[in-house]
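Here is what each chain is made of, one letter per residue.
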Amino acid sequence: MARNSRKLRHDIAYIIFSAAIFIIKKTPRFLGLRLFGFLGFLFGHILKKEREITKKNLKSVFENYSQKQINRITNGVFVNAGKSFFDGIRIPEYSKEKFFKIVRLENENLTKEIFSNPNGTIILGSHLSAFELKTHIAAKLGFKGMSIGSRLFDKRIDKIFVNLRERNGVKYYERNGGMKNVLKNLKNGFNFGVLVDQDATNNGIFVNFLGKEAFTPSAPIKIAARYKIPLAWSFLIRENNDKYLFYIERAEIIETENETESFILNLEKFNDKLGEFIKKYPEQWVWMHRRWKREAKDFPPQLSISYYKEKEK
């Protein structure tokens, strides 16, 4: 009975998702943003659990905000999610010229320099605005890009997502077992875009994020440090006109006598920068994720930034 119920839920999800993709590909952007922004707002009230997680996370960071302000930002978070879903599907199919009329590069020369490294570059990213666009930025500029992610709950939906992410020549690998391909491609000059702002892997360390320690994926930092691969970080922001501004900058890797401490300090630099963007554009981040679900007290102390700061005293 439970198996039949699960299959039914998966079938319904597949039908809804397939219909959404069809609509997105047939709808002009000005209309699609309004439609999917409204759908995001609607789902933001239907999904009670996700709405409460969003409000709780917002309140923990913006302690002085009124409930009215928290509710306003919460609505904006779900509207942004709807718009970002639409743009993440639609914009990568545009021509290069049309694509870069919507996505503006904050520093074009630096962007191209980072993307053109012959030994590859690891680019840390986050779930800000239409984050699915970022690997396509490199591809549209004529550079090699790849990303990695977890398999989705339904293999049919997962296949659709993989096909969407592999447009424009981007390579996409499943997290389990995909790192071998990532390492091989880095040696061939690929840019590896990886999101490190969620508690979604068991390979991580505790780093300060928006004022609290958060379990943060550490594999990209380890690869950059151990294999001497250039490191950068990037942020994509939706502007008031529903166009995007892409920031990217090189990151100097901090090295200490303790390898784990080095990883932590490098990730904290990224989290500090990301925190600045999130506080400036709170509606554009995925607050519905349980970012602080794991606690440092349940792990060896050497995996936490507080351990090393305590040693310095």
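Residues numbered from 1 in each chain as written. Predicted model: local features only at pLDDT ≥ 70, side-chain atom pairs only at ≥ 80, totals over all residues. Heavy atoms only, no water.

> Go over the overall build of the protein chain, please, and point to the residues and values.
Regarding its fold elements, the protein chain presents 12 helices and nine strands. Its C-alpha atoms give the protein chain a radius of gyration of 20 Å, within 12% of the compact-globule value 20 Å for 313 residues. Principal axes of the C-alpha set define a box for the protein chain whose edges measure 55 × 45 × 45 Å. Burial analysis of the protein chain (313 residues in total) assigns 48% to the buried set. Contacts spanning at least 24 positions in sequence make up 77% of the contacts within the protein chain whose residues lie at least 6 apart. Each charge sign in the protein chain was given a centre, from 56 positive and 34 negative side chains, and these centres are 7 Å apart. (Helix = DSSP H or I, 4+ residues; strand = E, 2+ residues; numbered from the N terminus. Rg over C-alpha atoms; globule rule 2.2 N^0.38 Å. Buried < 20%, exposed > 50% of the residue type's maximum accessible area, 1.4 Å probe, protein only. Contact = heavy atoms within 4.5 Å. Lys, Arg positive; Asp, Glu negative; His and termini not counted. Charge placed at Lys NZ, Arg CZ, Asp CG, Glu CD.)

> Which residues make up the sheet that holds strand β2 (residues 121–125), and what values do they have?
In space, the seven strands of this open sheet follow the order β1-β9-β8-β2-β5-β3-β4, with mixed pairing throughout. The sheet is open, and its two edges are formed by β1 (103–105) and β4 (171–174), each paired on a single side. On average, each strand axis in the sheet is inclined to that of its neighbour by 30°, with strand direction left out of account. For strand β3 (residues 145–149) and strand β5 (residues 191–195), the ladder comprises three bridges, and the chain directions are parallel. In the sheet register, Met146 faces β5, and the bridge partner there is Phe192. Contacting β2, β8 (231–238) and β9 (244–251), helix α11 (residues 259–280) crosses the sheet at an angle of about 15° to β8. (Pairing = 2+ DSSP bridges. Axes fitted to C-alpha atoms, helices over the stretch in contact; angles between N-to-C directions.)

> Please provide a residue-by-residue account of a positive patch on the surface, values included.
A surface patch of like charges, here positive, comprises Lys49, Lys56, Lys212, Arg290 and Lys293. Within the secondary structure, Arg290 sits in the loop between α11 and α12 (305–312). With relative accessibility at 48%, the residue Arg290 sits in the partly exposed group. (Patch = residues over 30% accessible without salt bridge, like charges linked within 9 Å, V, L, I, M, F, W, Y side chains within 5 Å. Areas by Shrake-Rupley, 256 points an atom, 1.4 Å probe, with all protein chains shown as cover. Salt bridge = Lys/Arg side-chain N within 4 Å of Asp/Glu carboxyl O.)

> Could you give an account of helix α3 (residues 48–61), naming the residues involved and the relevant values?
The terminal C-alpha atoms of α3 lie 20 Å apart, and with 14 residues this matches the ideal 20 Å at 1.5 Å per residue to within 8%. Buried residues of α3: Arg51, Ile53, Thr54, Lys55, Asn57, Leu58 and Val61, and no others. Buried residues along α3 sit in contact with α2 (29–46), α4 (67–90) and α11. (Expected span 1.5 Å × (residues − 1).)

> Report on the pairing of β5, specifying residues and quantitative values.
Each regular strand displays side chains that alternate between the two surfaces of the sheet. Strand direction decides the pairing type here: β2 and β5, joined by five bridges, are parallel. Bridge pairing in β5 places Ile123 opposite Gly193.

> Can you lay out the side chain of Thr201 for me, pointing to particular residues and giving the numbers?
You can see Thr201 is positioned in the loop between β5 and β6 (204–209). Residue classification places Thr201 among the buried residues on the basis of a relative accessible area of 17%. A polar contact is formed between the side chain of Thr201 and the backbone nitrogen of Asn203, at a distance of 3.3 Å. (Polar contact = N/O pair within 3.5 Å; in protein donor to acceptor, adjacent residues only side chain to side chain.)

> Any details on the packing of α3 against α4? Residues and values, ideally.
Where α3 contacts α4, the two axes come as close as 10 Å, and the packing angle between them is 125°. As the angle between them shows, α3 and α4 are arranged oblique. Helix-helix and strand crossings are classified by hand; for α3 and α4 the assignment is right-handed. Residues Glu50, Arg51, Thr54, Lys55, Leu58 and Lys59 of α3 touch α4, and the partners they reach there are Gln67, Ile70, Asn71, Ile73, Thr74, Asn75, Val77 and Phe78. Among the residues making up the contact of α3 with α4, the classes are represented as five nonpolar, five polar and four charged. (Parallel < 35°, antiparallel > 145°, perpendicular 65-115°, else oblique. Left-handed = near helix turned anticlockwise from the far one by under 90°. Nonpolar A, V, L, I, M, F, W, Y, C, P; charged D, E, K, R; others polar.)

> Break down the nonpolar core for me, citing the residues and quoting the values.
The tendency in soluble globular proteins is for nonpolar side chains to be buried side by side. Grouped together as the largest cluster of nonpolar side chains are 47 residues, with contacts concentrated most on Ile122, Leu124 and Trp287. A total of seven residues in this core trace back to one element, the largest contributor, which is α11. In contact with Ile122, not counting residues within four places along its chain, are Leu186, Phe192, Val194, Pro220, Ile223, Ala224, Ile229, Pro230, Leu231 and Ala232. Counting 20 residues, the second-largest nonpolar core is a separate cluster that includes Tyr94, Phe115, Ile123 and Leu236. (Core = buried A, V, L, I, M, F, W, Y, C linked by side-chain atoms within 4.5 Å.)

> Would you mind going over the side chain of Thr74 in detail, with residue names and values included?
Take Thr74: it is sitting in helix α4. Here the side chain of Thr74 touches Ile70 through a polar contact of 2.8 Å, landing on its backbone oxygen. Those residues in contact with Thr74 that lie beyond four places of it in its chain are Arg51, Thr54, Lys55 and Leu58.

> Can you explain a nonpolar patch on the surface? Please cite residues and give values.
Together, Phe38, Phe41, Leu42, Phe43, Ile46 and Leu47 make up an exposed nonpolar region whose accessible area comes to about 530 Å². Under the relative-accessibility criterion, Leu47 is labelled partly exposed at 34%.

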